[in-house]
Amino acid sequence: KFKSMEVKGIAVKTIQAFVKEKFPGEYNLWMESLPQESRSIIDNRISLTSWYPLESSLIIPTKLIGDMFYNDISQGAFELGIYSSVMAIKGVYKMLVMVSSPSFIVNRASTIMSSYYRPCVMEITKRAKEIAVLSIVDFPKPSVIVDYRIFGWIKNTMEFSKFKNPKVEMVKSMGKGDSTTDYVIRWSE
């Protein structure tokens, strides 16, 4: 049985900003296509630090983005993850990402993702020279949308950092039935 899942407001806020920036002509149609509960969350002032129901505030709006603009929910979620990373890097994380070691960024990514979703546990399950595996090991209501959004976020964050030749792959997905969601991160020192 799934626990009630929630997402931090900052993740919800980027959804609205993404559609307004990338698809301004379709923003109103997208909003009107959302179910009432999702629309009222997105349309009201979103507190960046408050918690919102995962399904109605992130899953449903992101699925609609994928369906309407990409004809692929995974691609829509991935693009939204990239956008969310760009917004974070423009703000508080910019200097942190630019000056930190690959190990520090990987550690930080697992902490950040665990603080965006609850309950959620993301851990570094493998670490070696120039490789790490970040794994979501506890996420009571698995979702391909969440898996791909996090994938886009990690991939863009690593590419922005001072890593040389960063490569990020999602090799397992809880949303697709695997026991964990695993992101393999490789780089050159």
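Residues numbered from 1 in each chain as written. Predicted model: local features only at pLDDT ≥ 70, side-chain atom pairs only at ≥ 80, totals over all residues. Heavy atoms only, no water.

Student: Explain the sheet that holds strand E4 (residues 121–128) to me, using residue names and the numbers behind them.
Tutor: Within the open sheet, the 4 strands sit side by side as E4-E5-E7-E6. Their pairing is antiparallel. Among the strands making up the open sheet, the edge pair consists of E4 and strand E6 (164–172). Strand after strand, the sheet turns through a mean of 20° between neighbouring axes, direction not considered. Of the strands in this sheet, E4, strand E5 (131–138) and strand E7 (181–188) touch helix H7 (residues 102–116), which is tilted by about 160° from E4. Running over the sheet, helix H8 (residues 144–160) touches E4, E5, E6 and E7 and is turned about 170° from E6. (Pairing = 2+ DSSP bridges. Helix = DSSP H or I, 4+ residues; strand = E, 2+ residues; numbered from the N terminus. Axes fitted to C-alpha atoms, helices over the stretch in contact; angles between N-to-C directions. Contact = heavy atoms within 4.5 Å.)

Student: Tell me about the nonpolar core, and please be specific about residues and values.
Tutor: Ranked by internal contacts, the top residues of the largest apolar core, which has 56 residues, are Trp 30, Leu 58, Tyr 117 and Ile 154. The element best represented in this core is H8, accounting for 9 residues. Leave out the neighbours within four places in its chain, and Leu 58 touches Val 7, Ala 11, Ile 15, Pro 53, Tyr 117, Ile 145, Val 146 and Arg 149. (Core = buried A, V, L, I, M, F, W, Y, C linked by side-chain atoms within 4.5 Å. Buried < 20%, exposed > 50% of the residue type's maximum accessible area, 1.4 Å probe, protein only.)

Student: Report on helix H3 (residues 36–43), specifying residues and quantitative values.
Tutor: Since the α-helix turns once every 3.6 residues, residues separated by three or four places project in the same direction. Within the sequence span of H3, burial applies to Ser 38, Ile 41 and Ile 42. For H3, the angular spread of buried residues about the axis comes to 95°, placing them on one side. For H3, the exposed residues set more than 90 degrees away from the buried face come down to Gln 36 and Asp 43. Those residues of H3 that are buried are in contact with helix H1 (9–22), helix H2 (27–33), strand E2 (51–53) and helix H4 (54–70). (Arc of directions from axis to C-beta.)

Student: Which residues make up the pairing of E5, and what values go with them?
Tutor: Put simply, side chains in a regular strand alternate between the two faces of the sheet. Burial analysis of E5 places 6 of its 8 residues in the buried class, which makes it a mostly covered element. Two strands pair when backbone bridges link them, and E4 and E5 are joined in this way by 7 bridges, in the antiparallel orientation. Along E5, the bridge assignment pairs Arg 127 with Ala 132. Where E4 hands over to E5, the hairpin turn is made up of 2 residues, of which Glu 130 adopts a positive phi near 65°. Sheet topology places E5 next to E7; 6 bridges connect them, and they run antiparallel. Following the sheet pairing, Ala 132 is matched in E7 by Ile 185.

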